[in-house]
Amino acid sequence: MTISVNGVEAMLPSDPRVSLLDLLREQLGLSGTKKGCDQGACGACTVLVDGERILSCLALAVQYDGRSVTTIEGLGTAECPHPLQSAFIAHDGFQCGYCTPGQICSAMGMIEEVRRGTPSHVTSDITAEVIPFSRDEVRERMSGNLCRCGAHNGIVDAIATLLPEAAE
Amino acid sequence: MSIIEDTKQLVQGAVMAGMSKAIALAPDRWIPGGTPDPLISHRHGHIGRPTTRIDGPLKVAGAAPFAAEFPMEGMVYAALANSTIAKGRIVELDTRTAEEAPGVIAVMTHRNAPRLSPPPAFMSSPKAAGGDSLPVMQDASIHWNGEPVAVVIAQTQEQANHARSLVRVTYEAEPAITSLGAAKARGSRTAMFMGQPLHDEVGDADAALAASAVNVDASYSTPRHNHNAIELHGVTVAWQDGVLRIHDASQLVAHEAWTLAQMFGIDEDKVVVTSPFVGGGFGGKCLWQHQVLAAAASRMVGRPVRLVLSREDVYRLVGGRSNTEQRVALGADPDGRIKAIIHEGVTPKTAFNAMPEPFILPTRSAYASETIKLDVQAVELDMLSNTFMRAPGESVGTFALESALDELAHKLDMDPIELRIRNEPEKDPTNGLPFSSRHIVEAWRAGAERFGWSARKPASGTVRDGEWLVGMGCATATYPYYRMPGGAARITLTREGHATVDIAAHEMGMGTATTHTMVAAERLGLPLEAVTFNYGDSTLPGVVLAGGSQQTASIGASVIAAHRALVKELLKLAGNDSPLAGLKPDEVGGTDCGLCKLDDPALYESYASILGRAQRVSVCVEASPSAPMEIMHWSMHSHGAMFCEVRVHAVTGEVRVSRFLGSFDCGRILNPKTAGSQFRGGIIMGLGLALMEETRFDERSGRIVNPSLSEYHVPVHMDVPEIDVIWTDIPDPHAPMGARGIGEIGITGTAAAVANAVFNATGKRVRDLPITLDKLM
Ligand code: FES
Ligand code: FES
């Protein structure tokens, strides 16, 4: 049983209780994915599985046999960041930086959800083929990612740089 | 604390009071800050330029190492079992099944834990850090519901977590005081805070209130709160060659190292606490039982231990803000001049800590009034010790005071901003000291203009947009300038022109590392890249608390002292062949990778040249600033004018904050980019305080019943509008760099601005936080 993490094959744990989050943090040394609650309430542990955002603390690692996981480390590095990572720096989209990897991974997944036409609570026309991006769409869809430092404005600004269509 | 402790504090307080009288009367030039920091007049350097965080690339890449992420050879994992009663004794503690569970190495309880001294409680001595003074797992007694009773140490976290569920505990409960009503019935005492009673009287406020033409008199209440930093409290600890090494998330590394040394009975230098990154603090990342238990467990099993609290554990082990019941009464004459201010009430603490929520603090320096009466009564409960949380006192105190101001304005039929400006004091109304720098009126005027305050309809409930009622409100924010004793810094300057500043300070997201790199570079006349700022390590100089918004002042004053020592040393090395020969340290400053005469920059020599001629590779100095006497000589406070627009749903009572502006007067702003984030972050926590945050404490059992982020609500993206912040940027001539702290002021005034806007929208006055929709239906 193996899982691909940032393109590298890894063994799944023998203990079925190990969450995907703990596999990443404690066994694979990928501590960029954060633990803020371990019970699905904060979003700090968000990673992308086959392109979709999930809460890795609510996922048992063994359920992800054969799947492909992208974590913050797979998105970019300090030396060679992804444009969204650079935008977070430019817009001061964090303070302590603890929620940040989750915010960034979540934003990546969120953008694809909108492009696929998945409506949200604030979408005015849920039957529309194309959902227009707006700051409210971003805010609503990012509300599962808590930030106690209050970097919300900077986070939305940073995400908006990837979405020319969201500029209001 | 006990009556004996109170008396001790009172005696210390009396000595302090005598001293502060002398300091108040001393000439300005004897006082730190009496001669303004020369950096205040630098206008086009690093200071004031929006500067991107130097640790940004690491943080966005997930490469900044937090406490629970330091790998250690042979490390094992710990999990805690907590008590389920508030007071009593453990009569049976069955750990056998847990010990036999797979992977378990040991189960630590009061029976086998290493013997430890109790922690010196915070404020009981200069380096004390204990959240309370209770012994940690040393006997069978239980002091609060949730106190740790066992630590399971196992090969993996999963094994430890499972085995923890197998620990069986039987208790003998004793009667516990867990309700505020019961505690009040037993009597209260005037609360002591930092050695002084929380009680002030100027004139006869009761008589003046009764004689006032117009008055308001109301009760306000605020619930318990928890810091809820997103990073869980976690430590990775090891004993290496007799040295206890702790990777922690800490806002007081030096205090923590000293306190742990006291507890374990070892030398202070045998404890090393490092904390390069802290995933949010807000007053919550101090010393609680988890660090002690992890260190004890590590000693017991002879292996490095990682202990990460669960979110529930954080609520059980790390104190939060206590609830308050406050009364504010204001008397005024018909044209709005305040004649009487009464602000009093009660708040619970424990017998083991010295932290009553000091909600009268903001009222001490707020408004000119001939009579003032302020009083905090403390009662004691059997609960986890409460602690400081962002703007202790001011956060919840301004809710009551600034709501009452709004009520008075309404009764007087006066604009609430005009009412505040009319009552601007000329000197501090309670201690009579001159203000160091107070430009709140400018902040009000600039804020009102930018927010469009003139469009507000004074009559409440008159603006409607479909199903939404719209209103505007305002309030004053305030937080004092503090500087605590204990600062020290080391500067090492090399011949190549690189400087390293070392100080045991902290970065919890405030931008400390970035801002102080800027300040040091400016002071030394170096480019940013030529300065390294080291912090977050108890072996570095200084005992600096990241709290009370005082860290910037403390670092600033320490670096000023070290810089002065450096300049002195460099002038000595420069000798008689230098263009600087004969100059005194006060006459020169750093510029262009060297020193020059301040009023004649042509007299200059580069660091490379000075050190080269002296045949030195580098020079290293360390110094401490003088005691913070400036706070006893001037009344030093930051202020803000807070403006809020809310929309309240006419049917459901749902409140949405649609606009918010904070207009601040906090002295000079060093890094506008990170400062803006600090202000916004404070305001957003203030929105939580106003609308949703509440730690629910079951008054029957003394147990917190919502210990999770799904049941304790903090503002999420959808709750946060774009928050506008502006500032006067007027330097405080008596503060290092001209800057007063900015980390806490944002949470103050915010809740009142929201409540006042809700009143303007609906005509309903909510005096009990949080303002949930049931209170508006
Ligand atoms: S750690 Fe997974 S949602 Fe909080
Ligand atoms: S940056 Fe600290 S929690 Fe978001």
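Residues numbered from 1 in each chain as written. Chains lettered and ligands numbered in written order. Predicted model: local features only at pLDDT ≥ 70, side-chain atom pairs only at ≥ 80, totals over all residues. Heavy atoms only, no water.

The name given to chain B in an unreviewed UniProt entry is Dehydrogenase, and the organism recorded there is Azorhizobium oxalatiphilum.

An unreviewed UniProt entry lists chain A under the name (2Fe-2S)-binding protein, with Azorhizobium oxalatiphilum as the source organism.

### Focus on the overall build of chain A
To keep it simple, the criterion reads: Comment: elements are numbered from the N terminus, with helices defined as DSSP H or I runs of at least four residues and strands as E runs of at least two. As a reference, a globule follows 2.2 Å times the number of residues to the power 0.38, and the radius of gyration itself is taken over C-alpha atoms. Only protein chains enter the accessibility calculation, which uses a 1.4 Å probe; a residue is then buried when its area is under 20% of its type maximum, exposed when over 50%, and partly exposed in between. The criterion used for residue contact is that any of the two residues' heavy atoms lie within 4.5 Å. Exposure was quantified through the Shrake-Rupley algorithm and a 1.4 Å probe, taking into account, for residues, occlusion by the shown protein chains and nothing else. The charge count includes Lys and Arg as positive and Asp and Glu as negative, but it does not include His or the ends of the chains. We put the charge of a Lys on NZ, of an Arg on CZ, of an Asp on CG and of a Glu on CD.
Across its full length, chain A carries six helices and five strands. Reading chain A from its N end, one meets helices and strands in the order β-β-α-β-β-β-α-α-α-α-α. Expected size for 168 residues packed as a compact globule is a radius of gyration near 15 Å; at 16 Å, chain A falls within 12% of this value. Viewed in the frame of its principal axes, chain A has a C-alpha envelope of about 50 × 35 × 30 Å. Expressed as a percentage of the 168 residues in chain A, the buried residues total 59%. Taking as baseline every contact in chain A between residues at least 6 positions apart, the subset at least 24 positions apart corresponds to 57%. When the accessible area of chain A is evaluated, it comes to approximately 6500 Å², of which 52% is carbon and sulfur surface. A distance of 5 Å separates the average location of the 12 positive side-chain charges in chain A from that of its 21 negative side-chain charges.

### Side note on the overall build of chain B
The helix and strand tally for chain B stands at 19 helices and 32 strands. On C-alpha atoms alone, chain B measures out to a radius of gyration of 27 Å, which is about the 28 Å that the 2.2 N^0.38 rule sets for 777 residues. In terms of principal-axis extent, the alpha carbons of chain B reach across some 80 × 75 × 55 Å. Going through the 777 residues of chain B one by one, you find that 64% of them count as buried. In chain B, once contacts between residues fewer than 6 apart in sequence are set aside, the share between residues at least 24 apart is 81%. About 26600 Å² of surface is accessible on chain B, with carbon and sulfur atoms providing 53% of the total. Of the side-chain charges in chain B, 70 are positive and 86 negative, and the distance between the mean point of each set is 0 Å.

### Details of the domain arrangement of chain A
One frequent convention defines the size of an interface as the accessible area lost when the parts assemble. Residues and elements named next belong to chain A. As a reminder of what qualifies: Where each domain begins and ends follows an automated or database-derived domain assignment. We define buried area as the total accessible area lost by two parts upon association, computed with a 1.4 Å probe and summed across both. By definition here, a salt bridge exists when the distance from a side-chain nitrogen of Lys or Arg to a carboxyl oxygen of Asp or Glu is within 4 Å. By the criterion applied in these results, polar contacts are pairs of N or O atoms within 3.5 Å in which, for protein atoms, one can donate a hydrogen and the other can accept it, and in which residues neighboring in sequence qualify only through two side-chain atoms. Note on residue categories: nonpolar means Ala, Val, Leu, Ile, Met, Phe, Trp, Tyr, Cys or Pro, charged means Asp, Glu, Lys or Arg, and polar means any other residue, Gly included.
For chain A, the assigned domains read domain 1 (2–74) and domain 2 (83–166). Distance from the C-alpha centre of domain 1 to the C-alpha centre of domain 2: 21 Å. Tallying the contact residues gives 16 residues for domain 1 and 17 residues for domain 2. Of the roughly 1300 Å² buried where domain 1 meets domain 2, counting both sides, 55% is carbon and sulfur surface. Applying the counting criterion to the domain 1 and domain 2 interface returns one salt bridge. Note that Glu113 and Arg53 form a salt bridge whose closest N and O atoms lie 2.9 Å from each other. Counting across the domain 1 and domain 2 interface gives seven residue pairs in polar contact (both at pLDDT 80 or more). Those elements that provide at least two residues to the side of domain 1 that touches domain 2 are strand 3 (46–49) and strand 4 (52–55). Counting residues per element, the side of domain 1 that touches domain 2 draws most heavily on strand 3, at three residues. Class assignment for the residues of the side of domain 1 that touches domain 2 results in six nonpolar, five polar and five charged.

### Observations concerning the environment of B:Ser437
Residues and elements named next belong to chain B. Along the chain, Ser437 turns up in the loop between helix 12 (416–422) and helix 13 (440–451). With a relative accessible area of 6%, Ser437 lands in the buried category. Here Ser437 is in contact with His637, Asp665, Ile730, Pro731, Asp732, Pro733 and Arg740, once residues within four sequence places are set aside.

### Some remarks on the sheet that holds strand 6 (residues 168–173) of chain B
All names here are of chain B. Our working rule: When DSSP finds at least two bridges between two strands, those strands are taken to pair.
The sheet built from three strands is open, its strands ordered 4-2-6 with antiparallel pairing. The outermost strands of the open sheet, each flanked by one partner alone, are strand 4 (141–142) and strand 6. Bridge count for strand 2 (residues 88–94) against strand 6 is six bridges, and the pairing is antiparallel. From the neighbouring strand, Gly88 faces strand 6, where its bridge partner is Ala173.

### Observations regarding the environment of A:Val49
All names here are of chain A. Mapped onto the fold, Val49 is located in strand 3. Along the chain, Val49 and Val5 lie 44 residues apart, while their C-alpha atoms are 9.2 Å from each other. Beyond its immediate chain neighbours, meaning those up to four positions away, Val49 contacts Leu20, Ile54, Tyr64, Arg67, Ser68 and Val69.

### With respect to the domain arrangement of chain B
Residue and element names in this part refer to chain B. Domain annotation of chain B identifies domain 1 (2–64 + 483–627), domain 2 (67–175 + 228–317) and domain 3 (393–482 + 632–775). Each of domain 1 and domain 3 has a C-alpha centre, and the two are 33 Å apart. Taken together, the contacts link 46 residues of domain 1 with 29 residues of domain 3. With both sides pooled, the region where domain 1 packs onto domain 3 buries about 2700 Å², and carbon together with sulfur makes up 60% of that total. Counting across the interface, domain 1 meets domain 3 through zero salt bridges. Mapped onto the side of domain 1 that touches domain 3, the elements with two or more residues apiece are helix 1 (3–25), helix 14 (512–524) and helix 15 (551–574). The element best represented in the side of domain 1 that touches domain 3 is helix 14, accounting for six residues.

### Comments concerning the interface of chain B and chain A
If you look at the interface, chain B gives 57 residues, while chain A gives 52 residues. Regarding the contact of chain B and chain A, the summed buried area is about 4300 Å², with carbon and sulfur atoms giving 58% of it. Taken as a group, B:Val60, B:Ile230 and B:His717 account for 20% of the area that chain B buries against chain A, more than any other trio of residues on that side. At the junction of chain B with chain A, the criterion picks out six salt bridges. Residues B:Glu69 and A:Lys34 are paired through a salt bridge, measuring 2.9 Å at the closest nitrogen-oxygen approach. Elements with a minimum of two residues in the side of chain B that touches chain A: helix 2 (56–60), helix 4 (157–164) and helix 18 (672–691) of chain B.

### A word on the state of the cysteines
When the sulfur atoms of two cysteines share a covalent bond, that bond is a disulfide. As a reminder, the rule being used: By disulfide we mean two sulfur atoms from cysteines, separated by a distance within 2.5 Å.
Scanning all chains against the criterion turns up zero disulfides over all chains. Left without a disulfide partner, A:Cys105 is nearest to the cysteine sulfur of A:Cys45, which lies 10 Å away.

### Digging into the nonpolar core
Which entries qualify depends on this criterion: To form a nonpolar core, buried Ala, Val, Leu, Ile, Met, Phe, Trp, Tyr and Cys residues must be joined to one another through side-chain atoms within 4.5 Å.
The biggest cluster of nonpolar side chains holds 217 residues, and the ones touching the most others in it are A:Ile159, B:Val646, B:Phe660 and B:Val754. Setting aside chain neighbours within four positions, we find A:Ile159 in contact with A:Leu84, A:Phe88, A:Ala107, A:Met110, A:Ile111, A:Val138 and A:Met142. Formed by 20 residues, the second largest nonpolar core is a distinct cluster that contains B:Leu93, B:Ala163, B:Val167 and B:Tyr171.

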